[in-house]
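Take a look at the letters that make up each chain.
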Amino acid sequence: MQNRILKASLSFVLSAFCLCSSAQIKIGGNDSASSSTPAVSVAPKHDTALVMNNPDSNKLNIAAPKEYEIAEEPKVIGAQHMDVAVLLLISGLTKGDKIQVPGTKITDAIKNIWKQGLFEDVQIYASKIEGKKIYLTISVAEKPRLSKFTFIGLKKGEANKLKDEIKLVRGKVVTDYLLADIKQTIIQHFTDDGYTNVKVNIVEKVDTTFSNSVILYINVDRGARIKIQDIIFHGNVALSDGQLRRSMKDTHRKRWYSIFHTSKLIPDNYAADKDKIVEKYNSKGYRDAKIVKDTIYKSKVANRMSIEITIGEGHRYYFGDITWVGNSKYPSKMLANILGIKKGDVYNASLLNERLTMNPNGTDVSSLYMDNGYLFFQVNPVEINVHNDTIDLEMRIYEGTQARINNVTVSGNDKTSDKVIMRQLRTLPGDLFRRSDVIRTQRELGQLGYFDPEKMTVNPVPHPEDGTVDINYGVTEKSSDQIELSGGWGGGLGFVGTAGITLKNFSVANIFSKDAWRPIPTGDGEELSLRFQSNGLPYQSVNLTFVEPWVGGHKPNSLSTTLFTTTESNGVPSGDPSRQSINIKGISVGYGIPLKFPDDYFTLFQYINYQYYTVDNYGSAFIFANGVANSISYKLQLTRNSADPNIYATYGSNIKISGEWTPPWSSILNENVSTESPEQKYRLLEFQKYKFTGAWYTNITNWQNKESQGKLAHNFVLYTYAGFGLMGDYSSEVGNCPFNRFYMGGSGLTGYSLIDGREIIAMRGYDDGSLSPSTGAIAVAKYTMELRYPISLNASATVYVLGFVDAGNSWASLAQFNPFSVYRAAGPGVRIFLPMFGLLGFDYGWRFDDVPSNLSMARSQFIFTIGANLGEL
């Protein structure tokens, strides 16, 4: 830096000398620490470079400029990295140009080159003059380039984060702006984390291994993290200190019980929270409220700051008369009912805007119009009279014409085929524009699971001139495939290892296309799943499932096929006479049809199931020792699913009602089963089975993410669930089927395809199967309530914590069924969703009740779960 200052000083001296005497011309610019404007230097009269071949040079002086023609393209020296042709283009000097020497064109050329910020020194001088011809040379000295950089004073993890933020790469030109930007980025990074006394010092050192290169040593002293000791309010009467503190979203006092909030002092967040205080007052009718002054000062506690805020509340206002003008489609009375604000209500501008245009539930005046094609609708509330504490409003409406959809496009789907997306759209060309259809389309796209919900956008482009609108749906692909490598204890099998892969956006049509294997053919929305489970010789299970969501490609009718085989034995190898085993092979084919009535959230599924059981030398451990059993059943399931498609669901419900029936073989074959052996009696299984499950998601809070549009807000959600299952028989002589029964208790690590077709229902806090008879239950009831809060809503790693209460029981007969006689448990838990592994759960369950058949059961236990549902029910 000292060399640069000295160079600029010498240039200034030469300029002053030449202004006082005749001289040859040398015009140059130097990088100065004190100014960004290039210097102009004139060489003294004895400069040999100008005297050479220039006998008339003593006639040139600043007082008498002369016009010259540039004889040839200026020569460029010193440009190592920049293209010479580009530099000449920037200078604006070309062969044949007429220039004044001295003159503005030379000065402008220097300025143009200097503006690029790539050079420490820029000079333009005449290397030769022949009559009216002048030969110019542009001499530049490039600024040094970055060879490498390192952080000093930071841990490796923090340094890696900053590397991603400052985005320095080798070969980048080291300019004053770059150094200032590095400092500002580092300071802002730590300020956002509560460090307000960050110091950054950048040292440049010449790298001798590379020409014109430097190494940057970035010294960072972040200081101590500053936290808030207290927040004190003055002047507040209408609202308490506690109400005002709770209105501040990101600025909180340091208290031991504040487990969901941090107490870091972040200036940007504090500024935003001051606005929220005013918004809180506005919502209570104090529309003139303001913060008169605020101050931040050091607390007596080390590294703590206190905040004092003085409030000017003003008067409280109320709504007066509300009139409507400009509305012809809907009567004023109807609009007033939707608005839901009456004369005398406390004035609340936020509530008024929400009821007019911004209700997240879609029950506002704007939605009423937009759901009927009035895309160009506008409503402007105007205060026409303010008397005392009352405000009269006039709602001025512009309805416009109904808009029809012209073009619908999708962007961002690099992997998923256009047809997969287009068939989910509820907004089709030629249809009236409806806001509800746009929202439903977003839900349907989210339901696919292929796209990041936080980055999904809708971009309507209205054309008022012809009453049409173009709609573009922007999507960002995310990984939807899952690899499962896990293990667990359950079902009396001990440890069971699982390996599986689920491809949720598979393409059968592209299997034989070589270019489609990147690494697998994808994009057609089909699902292929392969799962293998084993604990060695005693247990093995293989399951293969394929789902085509649009059979034929014209209607959203789904076809699913599942093949599986499961073997359970005493661990003795095949062929050994002492081997005892049960094997089940099965196939299930399902067909789903979406319904339009009662609404289009309903889907009807039908399944044909077949299982073939082989029992070999199983002794008294099973209902018969040797033989086979066949199960052929038809299942009908009605589903209504309006739940939020995101992993962390915040609204809607998912309700299922199903019935499964086998043929009444005992009646069809007219056999006397009372005289038959168990092998004969159960060679054709018969049963009827009915299930109901319902899950509801309710937002407890309704916080909006106003700072980051498109990002999901963190809200408390109440999840409630109820499930019931009943099995019946056709004949009292045959009795209840020994297969396909319910087993309650434990983690519900299902999907094991246990050998008797059992359904496992989780009951956290209790041992596996401990709440059912050893032979399985005929009736079951289960209730769950969870209070959830998200930690991360990132599509690549969704994490939320929960507190749960479970209640449930199962019974050996329908006569014993009592849905209010239940066992209870409660505890905390966490759910982690990773795209490659699915949803993983960790819970700690504490049981409230003793089980008579297992009094030695532990009072509490940890539970590990895989998947969203705790059990099949």
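Everything numeric here is computed off the predicted structure, so don't read it as measured data.

Caption draft 1: Just the overall build of the chain, in detail. Within the chain, the secondary structure is distributed over 15 helices and 36 strands. By the burial criterion, 44% of the 873 residues in the chain qualify as buried. Sequence separation of at least 24 residues holds for 61% of the intrachain contacts in the chain that already meet a minimum separation of 6. As presented, the chain carries roughly 43500 Å² of accessible surface, and 55% of it is formed by carbon and sulfur atoms.

Caption draft 2: Highlighting the packing of aromatic side chains. Applying the stated criterion across every chain yields a total of 21 aromatic pairs. Seen in terms of ring centroids, Phe-190 and Tyr-195 are 5.9 Å apart; in terms of plane orientation they differ by 90 degrees. Their pairing is edge-to-face. Across this residue pair, the class does not change: Phe-190 and Tyr-195 are buried. When the ring of Phe-842 is compared with that of Phe-864, the centres are 5.3 Å apart and the planes differ by 45 degrees; the resulting orientation is tilted.

Caption draft 3: Summary view of the pairing of strand β4 (residues 98-101). Going residue by residue along β4, you find Ile-99 and Val-101 tucked away on one face and Lys-98 and Gln-100 left uncovered on the opposite face. In this structure, strand β2 (residues 66-70) lies alongside β4, joined through four bridges in antiparallel fashion. Opposite Tyr-68, over in β4, you have Ile-99 as the bridge partner.

Caption draft 4: Representation of the nonpolar core in the model. Residues Leu-685, Tyr-697, Tyr-766 and Leu-771 are the most contacted members of the largest nonpolar core, which totals 42 residues. Of all the secondary-structure elements, those providing two or more residues to this core are β24 (581-594), β25 (602-616), β28 (688-699), β29 (717-728), β30 (742-744), β32 (779-794), β33 (797-811) and β34 (823-834). Excluding its chain neighbours within four sequence positions, the residues that come into contact with Leu-685 are Tyr-613, Ala-629, Asn-630, Ser-631, Thr-662, Trp-665, Cys-737 and Phe-739. Listed in part, the 23 residues of the second largest apolar core include Ile-70, Ile-99, Ala-109 and Val-122.

Caption draft 5: Seen up close, the sheet that holds strand β10 (residues 227-234). Pairing is mixed across the open sheet formed by three strands, whose spatial order is β10-β12-β11. Bordering the open sheet on either side are β10 and β11 (290-298), each of which pairs with just one other strand. On average, each strand axis in the sheet is inclined to that of its neighbour by 20 degrees, with strand direction left out of account. Alignment of β10 against strand β12 (residues 304-312), held across seven bridges, turns out to be parallel. The residue bridging Ile-231 from the neighbouring strand is Ile-307, located in β12.

Caption draft 6: Seen up close, helix α6 (residues 176-191). Here α6 spans 22 Å end to end across 16 residues, near enough to the 22 Å set by a 1.5 Å rise per residue. Those residues of α6 that sit buried are Leu-178, Leu-179, Ile-182, Thr-185, Ile-186, His-189, Phe-190 and Thr-191. Against the buried residues of α6 lie β7 (145-152), α5 (156-166), β8 (199-206), β9 (213-221) and α8 (267-283).

Caption draft 7: Summary view of the pattern of salt bridges. The full count for this structure, using the stated rule, is 30 salt bridges. One salt bridge connects Glu-69 with Lys-98, and the closest N-O pair in it is separated by 3.7 Å. With Glu-69 in strand β2 and Lys-98 in strand β4, the pair connects residues that are 29 residues apart, well separated along the chain. Since its relative accessible area comes to 49%, Lys-98 is described here as partly exposed. With its nearest N and O atoms 3.8 Å apart, the salt bridge here joins Glu-158 to Arg-222. One end of the pair, Glu-158, is in helix α5; the other, Arg-222, is in the loop between β9 and β10, and 64 residues separate them in sequence. Of the residues examined, Glu-158 reaches a relative accessible area of 19% and is grouped as buried.

Caption draft 8: Broad picture of the side chain of Ser-91. Mapping Ser-91 onto the fold places it in helix α3 (residues 84-91). Under the relative-accessibility criterion, Ser-91 is labelled buried at 4%. Sequence-distant contacts of Ser-91, that is, excluding residues within four places in its chain, are made with Ala-109, Asn-112, Ile-113 and Ile-138.

Caption draft 9: Looking closely at helix α4 (residues 104-114). Every buried residue of α4 is listed here: Ile-106, Ala-109, Ile-110, Ile-113 and Trp-114. Buried residues along α4 cover an arc of 130 degrees about the axis, so they all sit on one side.

Caption draft 10: The arrangement of the packing of α3 against α4 in detail. Contact geometry of α3 with α4 gives a least axis separation of 8 Å together with a crossing angle of 125 degrees. Looking at the two axes, α3 sits oblique to α4. Contacts from Leu-87, Ile-90 and Ser-91 in α3 reach Ala-109, Asn-112 and Ile-113 in α4. The residue inventory of the contact of α3 with α4, partitioned by class, reads four nonpolar, two polar and no charged.

Caption draft 11: Structural context of a negative patch on the surface. Taken together, the side chains of Asp-164, Glu-165, Asp-192 and Asp-268 make up a negatively charged region of the molecular surface. When its relative accessible area of 38% is taken as the criterion, Asp-192 is described as partly exposed.

Caption draft 12: Up close: the sheet that holds strand β15 (residues 390-398). Read from one edge to the other, the open sheet built from three strands follows the order β13-β15-β14, with strand pairing classed as mixed. Since the sheet does not close on itself, it has two edges, and those belong to β13 (318-325) and β14 (378-387), each with one partner. Geometrically, the sheet is characterised by an average inter-axis angle of 25 degrees between neighbouring strands, direction not taken into account. Bridge count for β13 against β15 is six bridges, and the pairing is parallel. Looking at β15, one finds that Tyr-318 is bridged to Thr-390. With respect to the sheet, helix α9 (residues 332-339) is in contact with β13 and β15, its orientation differing from that of β13 by roughly 140 degrees. With respect to the sheet, helix α10 (residues 349-358) is in contact with β13, β14 and β15, its orientation differing from that of β14 by roughly 155 degrees.

Caption draft 13: Quick peek at unusual backbone geometry. With omega at -5 degrees, the peptide bond leading from Arg-518 into Pro-519 counts as cis. Residue Phe-597 is joined to Pro-598 through a cis peptide bond whose omega torsion reads 0 degrees. Locating Pro-598 in the fold gives a position in the loop between β24 and β25. Of note, the phi angle at Asn-212 is positive, near 50 degrees, even though the residue is not glycine. Tracing the chain through its elements places Asn-212 in the loop between β8 and β9. Its relative accessible area of 30% is what places Asn-212 among the partly exposed residues.

Caption draft 14: Seen up close, the environment of Tyr-800. If you trace the backbone, Tyr-800 turns up in strand β33. The buried category is assigned to Tyr-800, whose relative accessible area is 4%. Between the alpha carbons of Tyr-800 and Val-830 there is a distance of 5.8 Å; along the sequence they are 30 residues apart. Sequence-distant contacts of Tyr-800, defined by excluding residues within four places in its chain, comprise Ile-647, Tyr-648, Arg-788, Tyr-789, Pro-790, Ile-791, Val-830, Arg-831 and Leu-839.

Caption draft 15: Quick peek at the confidence of the model for the chain. Scored by pLDDT, the chain has a mean of 85; 88% of the residues are at 70 or more. Per-residue pLDDT stays below 50 along residues 1-59; that stretch engages in 108 contacts with residues further than four places along the chain or on separate chains.

Caption draft 16: Structural detail: the pairing of β33. With eleven of 15 residues buried, β33 lies mostly within the body of the structure. Note that β32 and β33 share 15 bridges and pair antiparallel. Bridge pairing links Ala-779 to Trp-811 in β33. Where β32 folds back on β33, the antiparallel hairpin that results is connected by two residues.

Caption draft 17: Representation of the environment of Phe-837 in the model. Here Phe-837 lies in the loop between β34 and β35 (838-847). Sequence-wise, Phe-837 and Gly-500 are 337 residues apart; in three dimensions their C-alpha atoms are separated by 9.6 Å.

Caption draft 18: Main features of the environment of Asn-407. Tracing the backbone shows Asn-407 in strand β16 (residues 404-411). Given a relative accessible area of 41%, Asn-407 falls into the partly exposed group. Sequence spacing of Asn-407 and Pro-460 is 53 residues, and the spatial spacing of their C-alpha atoms is 10.0 Å. If sequence neighbours within four positions are ignored, Asn-407 has contacts with Val-469, Asp-470 and Ile-471.

The rules behind the values
Residues numbered from 1 in each chain as written. Predicted model: local features only at pLDDT ≥ 70, side-chain atom pairs only at ≥ 80, totals over all residues. Heavy atoms only, no water. Helix = DSSP H or I, 4+ residues; strand = E, 2+ residues; numbered from the N terminus. Buried < 20%, exposed > 50% of the residue type's maximum accessible area, 1.4 Å probe, protein only. Contact = heavy atoms within 4.5 Å. Areas by Shrake-Rupley, 256 points an atom, 1.4 Å probe, with all protein chains shown as cover. Phe/Tyr/Trp six-rings, centres within 6.5 Å; stacked < 30°, edge-to-face > 60°. Pairing = 2+ DSSP bridges. Core = buried A, V, L, I, M, F, W, Y, C linked by side-chain atoms within 4.5 Å. Axes fitted to C-alpha atoms, helices over the stretch in contact; angles between N-to-C directions. Expected span 1.5 Å × (residues − 1). Salt bridge = Lys/Arg side-chain N within 4 Å of Asp/Glu carboxyl O. Arc of directions from axis to C-beta. Parallel < 35°, antiparallel > 145°, perpendicular 65-115°, else oblique. Nonpolar A, V, L, I, M, F, W, Y, C, P; charged D, E, K, R; others polar. Patch = residues over 30% accessible without salt bridge, like charges linked within 9 Å, V, L, I, M, F, W, Y side chains within 5 Å. Lys, Arg positive; Asp, Glu negative; His and termini not counted. Charge placed at Lys NZ, Arg CZ, Asp CG, Glu CD. pLDDT = per-residue confidence, 0-100.

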